[in-house]
Amino acid sequence: MNLPSLSTSSSESRLKVMKALQTLAWIVASFAAIDLAINLAFQYPQDPRVTAPGRFQMYFEYGRSSEGKLRRMTGTSRTNSAPITLAGWYSPLQVQDNPVKHNAPIITFYGMSHSVRLADALNRTSSHFAARSVGAPGATTNWAYGAFLRDRGGGKSRAVVLSLMSANLPMINTVSPLTWNVSFPMPYTADRFYVKNGALAVVRPPYESFGQYIEIFRSPAKWDAALKQIAANDAMYDEFLVRESALDRSSAFRLVRRAYGQRAERMARANVLGGTGFKPGSEQIKLANAIVRDFAFKAREGGMIPVVFIVNNQGYSDTLFRAVARTLEEDRIPYLSSHTVVSPTDPRGYLADSHFTDENDNKLARALEGVIQHSINSGVGLLDPQFARLKQ
């Protein structure tokens, strides 16, 4: 019996290895070709002012890093930058002063687009009050409170409304939507609040205006320093999602990053609020209650009626209301929780973009007018500010 020679066996092994490497090379080359073809076929528009790209262009762009998206959206000035980069800044605040009804008391709203829509609805439905709004797209509770602290009702408000929303309440300990809104990052910033010894402490963001942002973003050293400060204070800062790299050029890698970012958002929400409950010991819930209490104190101190508007998004039940209900009751703070008007379990009450329907906005506005009018008549909204201070 003849045994195979060692040289024959070695040659066959090398041949198998070579075939495996060739197959791997073909797979890699094919993958790279597909990746390149997708990038060429669905290339995102280079003009940052284009606000309505194609569906597939958007789909394959979602997973680009926040820094990469900001680089595409940010020009050298306001005129050649994407419109979304101009919104949400503290300096100057974007104030919507609606036509003032003759001698009507002014109500100022602070918060996200739901808050702005409620202000618009109050102007439509009320003959007694005139609404004024200060807003930012996707504004978190800490952004809204920071806006109030800078505006203080514009020096002319009878009542001020602070808006909270269940979908982004878990982001109350962030500094900018560039860290948590991974699909649509925006560069504007917010105050970061901390609860220390039972009181609120604040850390201002590294930049507060579009002009400051442009200057910092165009300087690598200043931008690195700004991101370092954001990372130190923003609970959702993730280097993998924020910082740009060569892998941004890969459509496949962008899909992987998008899935990772969506999972991070879901986990952040699930760790604080759910359809059946909330975590009272979490930093976010503690912050929400501290901000509500401090807002009421400072509004009363300024002679204004504080009102808290709670947006219960579809699928969140009344969880957010229950998370702050004790503070509202103890400090006798007027409030409107949307679940008392619009059921969070009925999709017919909402638009596809999460806003309430126009009809429900009108219902909420009428309910809010009742809350404010009752506060004026009963005097509950203008308690001695020392009452709120004693509760801290």
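Keep in mind that what you see is a predicted model, and the values were worked out from it rather than measured.

**Observations regarding the overall build of the protein chain**
In terms of helices and strands, the protein chain carries 14 helices and eight strands. Expressed as a percentage of the 392 residues in the protein chain, the buried residues total 51%. Once local pairs closer than 6 in sequence are excluded, the contacts in the protein chain between residues at least 24 apart make up 72%. Roughly 18500 Å² of accessible area belongs to the protein chain as shown, and the carbon and sulfur atoms make up 57% of that amount.

**Topic: the side chain of Asn 168**
Within the element layout of this structure, Asn 168 appears in the loop between β4 (157–165) and α6 (177–180). Among the polar contacts listed, one links the side chain of Asn 168 to the backbone oxygen of Ala 139, at a separation of 3.0 Å.

**Digging into the environment of Pro 185**
With respect to the element layout, Pro 185 can be found in the loop between α6 and β5 (192–196). The spatial distance from the C-alpha of Pro 185 to the C-alpha of Lys 69 is 7.4 Å, given a sequence separation of 116 residues. With residues near it in sequence (within four places) discarded, Pro 185 still touches Ser 66, Lys 69, Leu 70, Met 73, Pro 177 and Leu 178.

**A few points about the environment of Arg 300**
As for its position among the elements, Arg 300 is in helix α11 (residues 283–301). Linking Arg 300 and Ala 159, residues 141 residues apart in sequence, is a C-alpha distance of 9.3 Å.

**Quick look at the sheet that holds strand β7 (residues 305–311)**
Hydrogen bonding along the main chain pairs the strands of a sheet, whether they run parallel or antiparallel. The strand order across the open sheet formed by six strands is β1-β3-β2-β4-β7-β8, and the pairing between neighbours is mixed. Of all strands in the sheet, those with a lone pairing partner are β1 (95–97) and β8 (335–337), marking the two edges. The sheet shows a mean angle of 20° between the axes of neighbouring strands, direction not considered. Where β7 lies against β8, three bridges are found, and the strand directions are parallel. Bridging across to β8, Phe 309 finds its partner in Leu 336.

**Notes on the packing of helix α4 (residues 113–125) against helix α13 (residues 358–378)**
Between α4 and α13, whose axes approach to 8 Å, the crossing angle comes to 75°. The angle between α4 and α13 places the two elements in the roughly perpendicular class. Across the interface between the two elements, Arg 117, Leu 118, Ala 121, Leu 122, Arg 124 and Thr 125 of α4 pack against Asp 358, Asp 361, Asn 362, Leu 364, Ala 365, Arg 366, Leu 368 and Glu 369 of α13. A breakdown of the residues in the contact of α4 with α13 according to their chemical character gives six nonpolar, two polar and six charged.

**Re α4**
Taking 1.5 Å per residue, 13 residues should reach 18 Å; α4 reaches 18 Å between its end C-alpha atoms and fits that length. Residues of α4 that are buried: His 114, Ser 115, Val 116, Leu 118, Ala 119, Ala 121, Leu 122 and Asn 123.

**Some details on the packing of aromatic side chains**
According to the stated counting rule, one finds 20 aromatic pairs in the structure shown. Centroid distance Phe 148 to Phe 295: 5.0 Å. Interplanar angle 75°. Geometry classified as edge-to-face. Taken as a pair, Phe 148 in helix α5 (residues 141–151) and Phe 295 in helix α11 lie far apart in primary sequence, 147 residues in all. Both residues of the pair, Phe 148 and Phe 295, belong to the buried class.

**A word on the pattern of salt bridges**
A full pass over the atoms with the stated rule returns 26 salt bridges. A salt bridge links Arg 257 to Asp 248, with the shortest nitrogen-to-oxygen separation between them at 2.8 Å. Like Asp 248, Arg 257 is buried. It is possible to trace a salt-bridge network through shared partners that takes in Glu 67, Arg 71, Asp 224, Arg 243 and Glu 244.

**Notes on a nonpolar patch on the surface**
A cluster of nonpolar residues, Val 17, Met 18, Leu 21 and Leu 24, forms a patch on the protein surface that exposes about 380 Å² of accessible area. Inspection of the secondary structure assignment puts Val 17 in helix α1 (residues 6–41).

**Section: the pairing of strand β6 (residues 199–203)**
Here β5 runs beside β6; their pairing, made up of five bridges, is antiparallel. Its bridge partner lying in β6, Phe 193 is registered against Val 202. What sits between β5 and β6 in their antiparallel hairpin is a turn of two residues, with Asn 197 showing a positive phi close to 55°.

**Topic: the confidence of the model for the protein chain**
Model confidence for the protein chain is summarised by a mean pLDDT of 89, while 87% of its residues fall at 70 or above. Ignoring residues within four places in sequence, the model shows residues 387–392, a span with pLDDT below 50, making 14 contacts including any to other chains.

**Side note on unusual backbone geometry**
Following Ser 91, the chain continues to Pro 92 via a peptide bond in cis, the omega torsion being -5°. Position of Pro 92 relative to the elements: it lies in the loop between α3 (66–73) and β1. Of note in this structure, Ser 317 is not a glycine but carries a positive phi near 55°. With respect to the element layout, Ser 317 can be found in the loop between β7 and α12 (319–330). Positive phi, close to 85°, is recorded for Ser 354, a residue that is not glycine. On the secondary structure map, Ser 354 appears in the loop between β8 and α13.

About the criteria used
- Residues numbered from 1 in each chain as written.
- Predicted model: local features only at pLDDT ≥ 70, side-chain atom pairs only at ≥ 80, totals over all residues.
- Heavy atoms only, no water.
- Helix = DSSP H or I, 4+ residues; strand = E, 2+ residues; numbered from the N terminus.
- Buried < 20%, exposed > 50% of the residue type's maximum accessible area, 1.4 Å probe, protein only.
- Contact = heavy atoms within 4.5 Å.
- Areas by Shrake-Rupley, 256 points an atom, 1.4 Å probe, with all protein chains shown as cover.
- Polar contact = N/O pair within 3.5 Å; in protein donor to acceptor, adjacent residues only side chain to side chain.
- Pairing = 2+ DSSP bridges.
- Axes fitted to C-alpha atoms, helices over the stretch in contact; angles between N-to-C directions.
- Parallel < 35°, antiparallel > 145°, perpendicular 65-115°, else oblique.
- Nonpolar A, V, L, I, M, F, W, Y, C, P; charged D, E, K, R; others polar.
- Expected span 1.5 Å × (residues − 1).
- Phe/Tyr/Trp six-rings, centres within 6.5 Å; stacked < 30°, edge-to-face > 60°.
- Salt bridge = Lys/Arg side-chain N within 4 Å of Asp/Glu carboxyl O.
- Patch = residues over 30% accessible without salt bridge, like charges linked within 9 Å, V, L, I, M, F, W, Y side chains within 5 Å.
- pLDDT = per-residue confidence, 0-100.

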